[in-house]
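Structure assessment
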Amino acid sequence: MINKTNFTDLVSQLSQFGSASIYEAQGACGALDSGMKPLCSSMQVFGSAFTVDIRPGDNLMLHYALLYVQPGDVLVVDAKRFVEAGPWGDILTEQAIKKGVAGLVINGAVRDVQTIKALGFPVFCQGISIKGTAKKQPGKINVPICIGDTLINPGDFIFGDADGVVVVPRQDIASVLHETQLREKTEEDFRTKIKEGGSTVDLLGLQNTLKRLQLM
């Protein structure tokens, strides 16, 4: 049985690795699509997913979600990849910071980018739009959502950096950490052998494939 303190430690350890390593370590799954990028390359985010399902062009449910989100949560918002309006901006960012939110991942656009960057709030999004949104349409919070072909359940863990965003199911944290540590050890061994004169063809066992393609 993993208690809360140990679980928090596992998440903290996993957050030290890059999103690409985590993605590969859990079987090349869980990555959000390649359009989901941080507002600036130095932004990183990790935390428990607080999911929000909103209508395109409307941000009422984001205001509602901020009443219930908990410190350390990452707001993960399905805005249906609509990028012709920015449902998130500087005022919502201020409130999110006040609430202790770890960051935002939105399948849509944001605006007030310069202010968000200056505030240091991690935002990963599909685009940027100067246009504002209405505040009229219902939606849902803390429900399963899909961004691209990746399912995100409330409480799953989000890890994001310059490479993108990956989702790890809550129940898989311990096993994914173990596999990521093994992968990092293997890659460190590769780096050492390359510095000693080895080749990636030898290290990855690519000789037979190259021979089959008549490249060797």
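Residues numbered from 1 in each chain as written. Predicted model: local features only at pLDDT ≥ 70, side-chain atom pairs only at ≥ 80, totals over all residues. Heavy atoms only, no water.

1. What to know about a nonpolar patch on the surface
Just so we agree on the cut-off: Within this analysis, patches are made of residues with over 30% relative accessible area and no salt bridge. Like charges are joined at 9 Å or less; nonpolar side chains (Val, Leu, Ile, Met, Phe, Trp, Tyr) at 5 Å or less. Surface accessibility in these figures is a Shrake-Rupley result with a 1.4 Å probe; residues are shielded only by whichever protein chains are displayed. Salt bridges are identified by distance alone: a Lys or Arg side-chain nitrogen within 4 Å of an Asp or Glu carboxyl oxygen. To qualify as a helix, a DSSP run of H or I must reach at least 4 residues; to qualify as a strand, a run of E must reach at least 2; elements of each kind are numbered from the N terminus.
Together, Tyr64, Leu67 and Tyr68 make up an exposed nonpolar region whose accessible area comes to about 320 Å². Tracing the chain through its elements places leucine 67 in the loop between α3 (60-65) and β3 (73-82).

2. Observations regarding unusual backbone geometry
Stated precisely, the cut-off is as follows: For every residue, the accessible area obtained with a 1.4 Å probe (protein chains only) is divided by the maximum for its type, and the residue is called buried under 20%, exposed over 50%, and partly exposed between those limits.
One non-glycine residue, alanine 28, lies in the positive phi region at around 55°. Assessed through its relative accessible area of 38%, alanine 28 is described here as partly exposed. Not every positive phi belongs to a glycine, and asparagine 142 is a case in point at roughly 50°. Mapped onto the elements, asparagine 142 comes out in the loop between β6 (140-141) and β7 (145-147).

3. Topic: the packing of aromatic side chains
Here the distance between the centres and the angle between the planes together describe a pair of aromatic rings. For the record, the criterion: Working definition: rings of Phe, Tyr and Trp (its six-membered ring) pair if their centres are within 6.5 Å, and the pair is stacked with planes under 30 degrees apart, edge-to-face with planes over 60 apart, and tilted otherwise.
As enumerated under the stated definition, the model contains 4 aromatic pairs in all. On the basis of an interplanar angle of 5° and a centroid distance of 6.4 Å, the ring pair of phenylalanine 46 and phenylalanine 159 is categorised as stacked. Of the two residues, phenylalanine 46 is situated in strand β2 (residues 45-53) and phenylalanine 159 in strand β9 (residues 157-161); the sequence distance between them amounts to 113 residues. With a relative accessible area of 3%, phenylalanine 159 lands in the buried category.

4. Description of the pairing of strand β10 (residues 164-168)
Selection rule: Two strands pair under a simple rule: DSSP has to find at least two bridges between them.
By the criterion of burial, β10 is predominantly enclosed, with 5 of the 5 residues buried. The side-chain alternation of β10 yields two buried faces, one formed by Gly164, Val166 and Val168 and the other by Val165 and Val167. In the sheet, β9 pairs with β10 via 5 bridges, with the strands oriented antiparallel. By the bridge assignment for β10, phenylalanine 159 is matched with valine 166. Hairpin connection of β9 to β10: 2 residues between the antiparallel strands.

5. Side note on the environment of glycine 160
The condition that has to hold: Here, two residues are considered to be in contact whenever any of their heavy atoms come within 4.5 Å of each other.
Its place among the elements puts glycine 160 in strand β9. With relative accessibility at 6%, the residue glycine 160 sits in the buried group. Sequence separation of glycine 160 and alanine 20 is 140 residues, and the distance between their C-alpha atoms is 9.2 Å. If near-sequence neighbours (up to four positions away) are discounted, glycine 160 is found in contact with Met43, Gln44, Val45, Phe124 and Val165.

6. Observations regarding the pattern of salt bridges
Pairs may arise between side chains of opposite charge once their charged atoms sit close together. Scanning the model with the defined rule gives 8 salt bridges in all. Notably, a salt bridge pairs aspartate 33 with arginine 81, separated by 3.7 Å at the nearest N-O pair. One end of the pair, aspartate 33, is in the loop between α2 (19-25) and β1 (37-38); the other, arginine 81, is in strand β3, and 48 residues separate them in sequence. Overall, aspartate 33 belongs to the partly exposed group, its relative accessible area being 23%. Accessibility expressed as a relative area gives 49% for arginine 81, which makes it partly exposed. In this structure, glutamate 84 engages lysine 131 in a salt bridge whose closest nitrogen and oxygen atoms are separated by 3.2 Å. Of the two residues, glutamate 84 sits in the loop between β3 and α4 (90-99) while lysine 131 sits in the loop between β5 (123-128) and β6, which places them 47 residues apart along the sequence. Among the residues examined, glutamate 84 registers a relative accessible area of 45% and is labelled partly exposed.

7. Things to note about helix α6 (residues 173-195)
The line we're drawing: Expected helix span is given by 1.5 Å per residue-to-residue step, counting one fewer step than there are residues.
Over its 23 residues, α6 extends 33 Å from the first C-alpha to the last, a length consistent with the 33 Å expected when each residue adds 1.5 Å. Among all positions of α6, only Ile173, Val176, Leu177 and Thr180 are buried.

8. Considerations on the environment of serine 199
The condition that has to hold: Distance and chemistry together define a polar contact, namely a pair of N or O atoms within 3.5 Å, with one atom able to donate a hydrogen and the other to accept it when in protein, and with adjacent residues in sequence counting only for side-chain atoms on both sides.
Inspection of the secondary structure puts serine 199 in the loop between α6 and α7 (200-203). Under the relative-accessibility criterion, serine 199 is labelled partly exposed at 30%. A distance of 3.2 Å separates a polar atom in the side chain of serine 199 from the backbone nitrogen of aspartate 202.

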